[in-house]
Amino acid sequence: MKTLIIGEVINKNLSSGTLEILGKAKSMELDVQLITVGSEDSPAIGLNEVKQTYLKRASSSFNFSKIASKISEIIKNEDIKLILGSSTYMCRDLISFISVDLNSSPVSNVVDFNLEDGKISTINSINGGESLYKAKINSDHSLLLIRPKAFDPVEIEVNSDYETIEVENTDLDVFDIYIEEKTGPQLEDSKVVISAGRGMVEKENLEMIETLANKLNAAIGGTRAIVDAGWMPYSQQVGQTGKTVKPDIYIACGISGATQHQVGMKDSKFVIAINKDEEAPIFQLADLGIVGDTLSVIPKLNENI
Ligand SMILES: Cc1cc2nc3c(=O)[nH]c(=O)nc-3n(C[C@H](O)[C@H](O)[C@H](O)COP(=O)(O)OP(=O)(O)OC[C@H]3O[C@@H](n4cnc5c(N)ncnc54)[C@H](O)[C@@H]3O)c2cc1C
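Being a predicted model, the structure only gives us computed values, none of them experimental. (Residues numbered from 1 in each chain as written. Predicted model: local features only at pLDDT ≥ 70, side-chain atom pairs only at ≥ 80, totals over all residues.)

Peer 1: Could you clarify how one ought to interpret the overall build of the protein in this entry?
Peer 2: Along its length, the protein carries 7 helices and 17 strands. A compact globule built from 305 residues would reach a C-alpha radius of gyration of about 19 Å, and the protein, at 21 Å, matches this within 12%. Across its three principal axes, the protein shows a C-alpha extent of roughly 65 × 45 × 35 Å. Within the span of the protein, comprising 305 residues, buried residues form 37% of the whole. Taking all contacts inside the protein whose residues are at least 6 apart in sequence as the whole, residues at least 24 apart take part in 64%. (Helix = DSSP H or I, 4+ residues; strand = E, 2+ residues; numbered from the N terminus. Rg over C-alpha atoms; globule rule 2.2 N^0.38 Å. Buried ≥ 20, exposed ≤ 12 C-beta atoms within 10 Å, placed from the backbone. Contact = placed C-beta atoms within 7 Å.)

Here it is in structure tokens:
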């Protein structure tokens, strides 16, 4: 089936979401081409055996209608039937525009998909990840928004072999851009994630999480409760309305384990939970549970690692 992946360029590289979708497309042996969208000059994103077009937007342009029109044009010209994008702000915007152009509904929160009798069938996550449903797409085009970490990323060797098209966009004037500073390991890609919850008691106690994270080269996440309390920026929230992570080790410190939090971390390979309440739901998915006070357990870990 002729397939288009809408990819993203972040820090001159293909985003992890793009690599995950490429991994799935490769395992299904789909006839894939890639359109990447970004604002950086000459990113390292060319791939062997995958036709690629880089749509370069001005860094101050956040209106995606012109980019979407360009993608719709390519889809129609090349008779592409399956369009895949990661559930990011950009792809959600783009796929909404494209679905109007193609008169077809996007299917969101896809955690798996397959080809059955020439049609795409999907498995979708609903109720904050508590339930799954299966859908079969009967329309001419299948537009899927894939949940992050649904698939394993493909291993790639990059080259500079791709076409660049600059897309002018003057529909919207942007006056100011705030870019959140990112230091240390990033949540989405880190092999170890340490997350804090209300059981860290006070914002100041997050310092001990930082110490532990430095020792383990880990990224730091948090629950919505502490993000809402202003202890941590939203960009570090893990869960249904935050980020989805899938590290080798996830350490939940003072987190109750509400379903909305679990949906963002339940696929972690090994979960360690520290909570003073032995009935806390987080222990149901923990591989190693420590029933204790975070404020005494974490300093001991810091002393001994
Ligand atoms: C639509 C919707 C979307 C949501 N999206 C998200 C989301 O994306 N991410 C998310 O995380 N939440 C989300 N939530 C909120 C979620 O329901 C929970 O309220 C939240 O996850 C709870 O955070 P918490 O575990 O830090 O706090 P609490 O539920 O208050 O749990 C604190 C835990 O710490 C333990 N504790 C307390 N003191 C100590 C101590 N000294 N030592 C050890 N343990 C201690 C307690 O036993 C308790 O289990 C969402 C909710 C809704 C309705």
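Peer 1: Can you walk me through the nonpolar core in this structure?
Peer 2: If you look at the biggest cluster of nonpolar residues, it comprises 39 residues, and the most contacted ones within it are Ile5, Ile6, Ile71, Ile83, Leu94 and Leu144. Residue contacts for Leu144: discarding those within four places in its chain leaves Leu84, Val107, Val110, Phe113 and Thr122. Counting 30 residues, the second largest nonpolar core, distinct from the first, contains Val193, Val245, Ala280 and Ala286. (Core = buried A, V, L, I, M, F, W, Y, C linked by C-beta atoms within 7 Å.)

Peer 1: Explanation requested: the environment of Lys26 in the structure shown.
Peer 2: Position of Lys26 among the secondary structure elements: in helix H1 (residues 16–27). A residue is classified by how many C-beta atoms lie within 10 Å of it, and Lys26, with 15 of them, is partly exposed. Through-space distance from the C-alpha of Lys26 to that of Asn114 is 12 Å; in sequence the pair is 88 residues apart.

Peer 1: Could you clarify how one ought to interpret the pairing of strand S3 (residues 31–38) in this entry?
Peer 2: Side chains on a regular strand alternate between the two faces of the sheet. Burial within S3 is extensive, with 6 of its 8 residues counted as buried. The pairing of strand S1 (residues 2–10) with S3 spans 7 bridges and is parallel. Residue pairing in the sheet places Thr3 in a bridge with Val32 of S3. In the sheet, S3 pairs with strand S5 (residues 51–57) via 6 bridges, with the strands oriented parallel. Paired with Val37 across the strands is Leu55, a residue of S5. (Pairing = 2+ DSSP bridges.)

Peer 1: Sorry, what's going on with the site of the ligand here?
Peer 2: Near the ligand you find 29 residues, and of these Gly197, Gly199, Arg224, Gly239 and Ser256 are the closest. Ranked by residues supplied to the shell around the ligand, first place goes to helix H5 (residues 224–228) with 3 residues. Of the residues in the shell around the ligand, the class split is 9 nonpolar, 15 polar and 5 charged. (Near = placed C-beta within 6 Å. Nonpolar A, V, L, I, M, F, W, Y, C, P; charged D, E, K, R; others polar.)

Peer 1: Whenever I open this one, the sheet that holds strand S15 (residues 249–253) confuses me. Can you help?
Peer 2: Each strand in a sheet pairs with its neighbour through backbone hydrogen bonds, running either in the same direction (parallel) or in the opposite one (antiparallel). Strands sit in the order S14-S13-S15-S16-S17 across an open sheet of 5 strands; the sheet is parallel. The sheet is open, and its two edges are formed by strand S14 (219–222) and strand S17 (288–291), each paired on a single side. Neighbour to neighbour, the strand axes of the sheet diverge by 15 degrees on average, direction disregarded. Where strand S16 (residues 270–275) meets S17, 4 bridges bridge the pair, whose relative direction is parallel. By the bridge assignment, Ile272 is partnered in S17 with Leu288. Contacts from helix H4 (residues 206–216) reach strand S13 (192–196), S14 and S15, with the element oriented near 175 degrees to S13. (Axes fitted to C-alpha atoms, helices over the stretch in contact; angles between N-to-C directions.)

Peer 1: Mind showing me how you'd approach the pairing of S15 here?
Peer 2: The element S15 is extensively covered by neighbouring structure, given that 4 of its 5 residues are classed as buried. Judged from the 5 bridges that link them, S13 and S15 form a sheet pairing that is parallel. Paired with Ile194 across the bridge in S15 is Ile251. Bridging between S15 and S16 involves 5 bridges; their strand directions are parallel. Counterpart to Ile249 in the pairing with S16 is Phe270.

Peer 1: I would appreciate a short explanation of unusual backbone geometry in the present structure.
Peer 2: A negative phi angle is the norm for most residues apart from glycine, just as the trans form is the norm for most peptide bonds. Residues other than glycine seldom take positive phi values, yet Asp79 does so here, at roughly 55 degrees. Relative to the helices and strands, Asp79 resides in the loop between helix H2 (65–77) and strand S6 (82–86). For Asp79, a count of 7 C-beta atoms within 10 Å puts it in the exposed group. Although it is not a glycine, Asp117 sits at a positive phi angle of roughly 50 degrees. Following the sequence through the fold, Asp117 ends up in the loop between strand S7 (106–116) and strand S8 (119–126).

Peer 1: What exactly am I supposed to notice about H4 here?
Peer 2: Side chains three or four residues apart in an α-helix point the same way, a direct result of the helix having 3.6 residues per turn. Buried within H4 we find Ile209, Leu212 and Ala213. The buried residues of H4 all sit within an arc of 100 degrees when viewed along its axis, so they share a single face. Elements that come into contact with the buried residues of H4 comprise S13, S14, S15 and helix H7 (294–304). One or two residues past the end of H4 sits Asn217, with phi positive at roughly 50 degrees. (Arc of directions from axis to C-beta.)

Peer 1: Just checking my understanding: could you explain the domain arrangement of the protein for this structure?
Peer 2: Quoted interface sizes are often the accessible area lost when the parts come together. As assigned here, the protein comprises domain 1 (2–167) and domain 2 (192–304). Here the C-alpha centre of domain 2 lies 32 Å away from the C-alpha centre of domain 1. At the junction of the two partners, domain 1 supplies 6 residues and domain 2 supplies 7 residues. Counted by class, the side of domain 1 that touches domain 2 contains 1 nonpolar, 2 polar and 3 charged residues. (Domains from an automatic or database assignment.)

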